[in-house]
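Residues per chain, in single letters:
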Amino acid sequence: MKERITEYMSGGLSGPELMDHDKLSRLLIDAREYIEFLEKRLEHSTEMHEHTMEMLYTLIGKLK
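Before going into details, it helps to say that this report is about the structure given with it. (Residues numbered from 1 in each chain as written. Predicted model: local features only at pLDDT ≥ 70, side-chain atom pairs only at ≥ 80, totals over all residues. Heavy atoms only, no water.)

All right, on to the overall build of the protein then. Check the secondary structure of the protein and you find two helices and zero strands. The buried share of the protein, taken over its 64 residues, is 9%. Element-wise, carbon and sulfur atoms account for 60% of the exposed surface of the protein, whose accessible area totals about 5,900 Å². (Helix = DSSP H or I, 4+ residues; strand = E, 2+ residues; numbered from the N terminus. Buried < 20%, exposed > 50% of the residue type's maximum accessible area, 1.4 Å probe, protein only. Areas by Shrake-Rupley, 256 points an atom, 1.4 Å probe, with all protein chains shown as cover.)

Right under this line is the structure:
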(Lines give C-alpha, C1' and ligand atoms only; values in the text may rest on other atoms or scores of the structure.)
Protein backbone atom coordinates (compact mmCIF):
# COMPACT_ATOMS: atom_id res chain seq x y z
CA MET A 1 0.00 0.00 0.00
CA LYS A 2 2.80 2.38 0.93
CA GLU A 3 4.48 1.77 -2.40
CA ARG A 4 1.25 2.50 -4.32
CA ILE A 5 0.78 5.80 -2.49
CA THR A 6 4.42 6.78 -3.04
CA GLU A 7 4.22 5.86 -6.72
CA TYR A 8 1.04 7.86 -7.21
CA MET A 9 2.35 10.89 -5.35
CA SER A 10 5.69 10.84 -7.19
CA GLY A 11 3.93 11.46 -10.49
CA GLY A 12 4.78 15.16 -10.19
CA LEU A 13 1.46 16.15 -8.68
CA SER A 14 1.65 18.96 -6.15
CA GLY A 15 -1.65 18.31 -4.42
CA PRO A 16 -4.66 15.98 -4.15
CA GLU A 17 -6.86 18.43 -6.07
CA LEU A 18 -4.78 17.74 -9.19
CA MET A 19 -5.00 13.96 -8.96
CA ASP A 20 -7.13 11.74 -11.19
CA HIS A 21 -10.40 11.33 -9.28
CA ASP A 22 -10.95 7.66 -10.14
CA LYS A 23 -7.39 6.62 -9.30
CA LEU A 24 -7.44 8.57 -6.05
CA SER A 25 -10.83 7.13 -5.11
CA ARG A 26 -9.62 3.56 -5.73
CA LEU A 27 -6.43 4.23 -3.77
CA LEU A 28 -8.41 5.56 -0.80
CA ILE A 29 -10.83 2.63 -0.88
CA ASP A 30 -7.94 0.16 -0.98
CA ALA A 31 -6.15 2.00 1.83
CA ARG A 32 -9.31 1.88 3.97
CA GLU A 33 -9.70 -1.86 3.34
CA TYR A 34 -6.04 -2.43 4.20
CA ILE A 35 -6.40 -0.47 7.46
CA GLU A 36 -9.48 -2.55 8.35
CA PHE A 37 -7.50 -5.73 7.63
CA LEU A 38 -4.66 -4.57 9.88
CA GLU A 39 -7.08 -3.62 12.67
CA LYS A 40 -8.65 -7.11 12.57
CA ARG A 41 -5.23 -8.73 12.51
CA LEU A 42 -4.11 -6.68 15.51
CA GLU A 43 -7.33 -7.50 17.38
CA HIS A 44 -6.85 -11.22 16.68
CA SER A 45 -3.22 -11.04 17.77
CA THR A 46 -4.22 -9.31 21.01
CA GLU A 47 -6.89 -11.93 21.70
CA MET A 48 -4.39 -14.73 21.06
CA HIS A 49 -1.87 -13.09 23.41
CA GLU A 50 -4.50 -12.75 26.15
CA HIS A 51 -5.56 -16.39 25.72
CA THR A 52 -1.93 -17.54 25.84
CA MET A 53 -1.30 -15.54 29.01
CA GLU A 54 -4.40 -17.03 30.66
CA MET A 55 -3.19 -20.52 29.81
CA LEU A 56 0.28 -19.71 31.14
CA TYR A 57 -1.07 -18.36 34.44
CA THR A 58 -3.27 -21.45 34.80
CA LEU A 59 -0.29 -23.71 34.22
CA ILE A 60 1.86 -21.77 36.70
CA GLY A 61 -0.94 -21.99 39.25
CA LYS A 62 -1.08 -25.77 38.85
CA LEU A 63 2.68 -26.08 39.24
CA LYS A 64 2.72 -24.29 42.60
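This brings us to the environment of Tyr8. Secondary-structure assignment places Tyr8 in helix 1 (residues 2-9). Counting along the chain gives eleven residues from Tyr8 to Met19, while the straight-line C-alpha distance between them is 8.8 Å.

Over its 43 residues, helix 2 (residues 21-63) extends 63 Å from the first C-alpha to the last, a length consistent with the 63 Å expected when each residue adds 1.5 Å. When helix 2 is considered as a whole, its buried residues turn out to be Leu27, Asp30 and Ala31. The secondary structure elements touched by the buried residues of helix 2 are helix 1. Two to three positions downstream of the cap, the backbone nitrogen of Asp22 sits 3.1 Å from a side-chain oxygen, assigning the N-cap of helix 2 to Asp20. (Expected span 1.5 Å × (residues − 1). Contact = heavy atoms within 4.5 Å. Polar contact = N/O pair within 3.5 Å; in protein donor to acceptor, adjacent residues only side chain to side chain.)

Counted according to the given criterion, the structure contains two salt bridges. Close ionic contact of Arg4 with Asp30 constitutes a salt bridge, the shortest N to O distance being 2.7 Å. Separated by 26 residues along the polypeptide, Arg4 in helix 1 and Asp30 in helix 2 bring together distant segments of the chain. Given a relative accessible area of 15%, Asp30 falls into the buried group. Salt bridges here are not isolated pairs; linked through shared partners, they connect Arg4, Arg26 and Asp30. (Salt bridge = Lys/Arg side-chain N within 4 Å of Asp/Glu carboxyl O.)

Attention now moves to the packing of helix 1 against helix 2. Helix-helix packing: each pair is described by the crossing angle between the helix axes and the interaxial distance. Helix 2 packs onto helix 1 with a crossing angle of 160° between their chain directions and a minimal axis gap of 11 Å. Here helix 1 lies roughly antiparallel to helix 2, going by the angle between them. Both helix 1 and helix 2 take part in a crossing whose hand is left-handed. Two secondary-structure elements touch here, helix 1 through Arg4, Ile5 and Tyr8 and helix 2 through Lys23, Leu24, Arg26, Leu27 and Asp30. Taken together, the residues that form the contact of helix 1 with helix 2 break down as four nonpolar, no polar and four charged. (Axes fitted to C-alpha atoms, helices over the stretch in contact; angles between N-to-C directions. Parallel < 35°, antiparallel > 145°, perpendicular 65-115°, else oblique. Left-handed = near helix turned anticlockwise from the far one by under 90°. Nonpolar A, V, L, I, M, F, W, Y, C, P; charged D, E, K, R; others polar.)

In short, shape yes, function no, at least from these values alone.
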